[in-house]
Amino acid sequence: TTQAITVTITGANDIATIGGALSATMDENAATATGVATISDLDAGQSRFTANSSIVGAYGHLAIDSVGNWTYTRDAVMDSLAAGASATDTVTVLGADGISSHAITVTITGSNDVATITGALSGTMDENAATATGVASIADLDAGESHFTANSSIVGAYGHLAIDSVGNWTYT
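Each value, and the rule that gives it
Residues numbered from 1 in each chain as written. Predicted model: local features only at pLDDT ≥ 70, side-chain atom pairs only at ≥ 80, totals over all residues. Heavy atoms only, no water. Helix = DSSP H or I, 4+ residues; strand = E, 2+ residues; numbered from the N terminus. Buried < 20%, exposed > 50% of the residue type's maximum accessible area, 1.4 Å probe, protein only. Contact = heavy atoms within 4.5 Å. Areas by Shrake-Rupley, 256 points an atom, 1.4 Å probe, with all protein chains shown as cover. Pairing = 2+ DSSP bridges. Axes fitted to C-alpha atoms, helices over the stretch in contact; angles between N-to-C directions. Core = buried A, V, L, I, M, F, W, Y, C linked by side-chain atoms within 4.5 Å. Polar contact = N/O pair within 3.5 Å; in protein donor to acceptor, adjacent residues only side chain to side chain.

### Here's the deal with the overall build of the protein
Check the secondary structure of the protein and you find zero helices and 13 strands. Based on the C-alpha atoms only, the size of the protein along its principal axes is roughly 130 × 25 × 20 Å. Put simply, the protein has 172 residues, and 28% of those count as buried. A sequence separation of at least 24 residues applies to 52% of the contacts in the protein between residues at least 6 apart. As displayed, the protein offers around 10,300 Å² of accessible surface, 54% of which is attributable to carbon and sulfur atoms.

### Here's the deal with the sheet that holds strand β10 (residues 132–139)
Sheet architecture is open: five strands sit in the order β9-β10-β13-β12-β11, paired in antiparallel fashion. Taken across any chain shown, the strands that pair with only one partner, and hence form the sheet edges, are β9 (116–119) and β11 (151–155). On average, each strand axis in the sheet is tilted by 30 degrees relative to the strand beside it, whichever way the strands run. Looking at chain direction, β10 and strand β13 (residues 168–171) are connected through four bridges and run antiparallel. Residue pairing across strands places G134 opposite W169, the latter belonging to β13.

### Overview of the nonpolar core
By size, the foremost hydrophobic cluster in this structure holds 22 residues, and its most contacted members are L62 and W70. Looking at this core, the elements that each hand over two or more residues are β2 (23–27), β3 (32–40), β5 (60–64), β6 (69–74), β7 (86–94) and β8 (101–109). What L62 contacts, discounting residues up to four positions off in sequence, is N52, S53, S54, I55, W70, T71, Y72, V91, V93 and I104. A136, F148, I163 and W169 belong to the second-largest nonpolar core, a separate cluster that totals five residues.

### Comments concerning the side chain of S111
As for its position among the elements, S111 is in the loop between β8 and β9. Side-chain polar atoms of S111 contact the side chain of N29, separated by 3.2 Å. Excluding anything up to four places from it in sequence, S111 contacts D27, E28, N29, L81, A82, A83 and D142.

### A few points about the sheet that holds β7
Whether parallel or antiparallel, the strands of a sheet pair through hydrogen bonds between backbone atoms. Spatial strand order, β2-β8-β7: three strands in an open sheet with mixed pairing. With one partner strand each, in any of the chains shown, β2 and β7 form the two edges of the open sheet. Going from strand to strand, the sheet's axes swing by 20 degrees on average, the running direction of each strand aside. As judged from the nine bridges shared by β7 and β8, these two strands associate in the antiparallel manner. Across the sheet, T92 pairs through a bridge with A103, a residue of β8.

See the structure below:
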């Protein structure tokens, strides 16, 4: 006699492989960075991302569609980053299978913002006076850069100028 044997194979939710552009760099003045992530899942119909229009990060948010096109939008004002300094934001995207995820990292690089100099930027002295003095002010959006470079021997056409790091100047 023959007897049929029934074997039931139950599928498992396989982890997808996520790759492609998973990082970007942007200047502090740029509004967005973009990329395309890829996903491959052995499970039928699951080689796609969970679309999300606002994955919140530390400095902005990321939107991704189901095929992996993503756009990071910077929400924070980053002008305090000095030239060459950087801040990193990392957000996590999810695969359609509900168990696969990967980080997308965006590095925001600072640029040298122009300082604003105000205050007493001119002085008057008569030909018999020994000195003229004043106080200049400086404001720079870059953190730690709102100061002057002290110099005691700036040569002018008729004399010398000295200025300290907080803007006190003397012309002799």
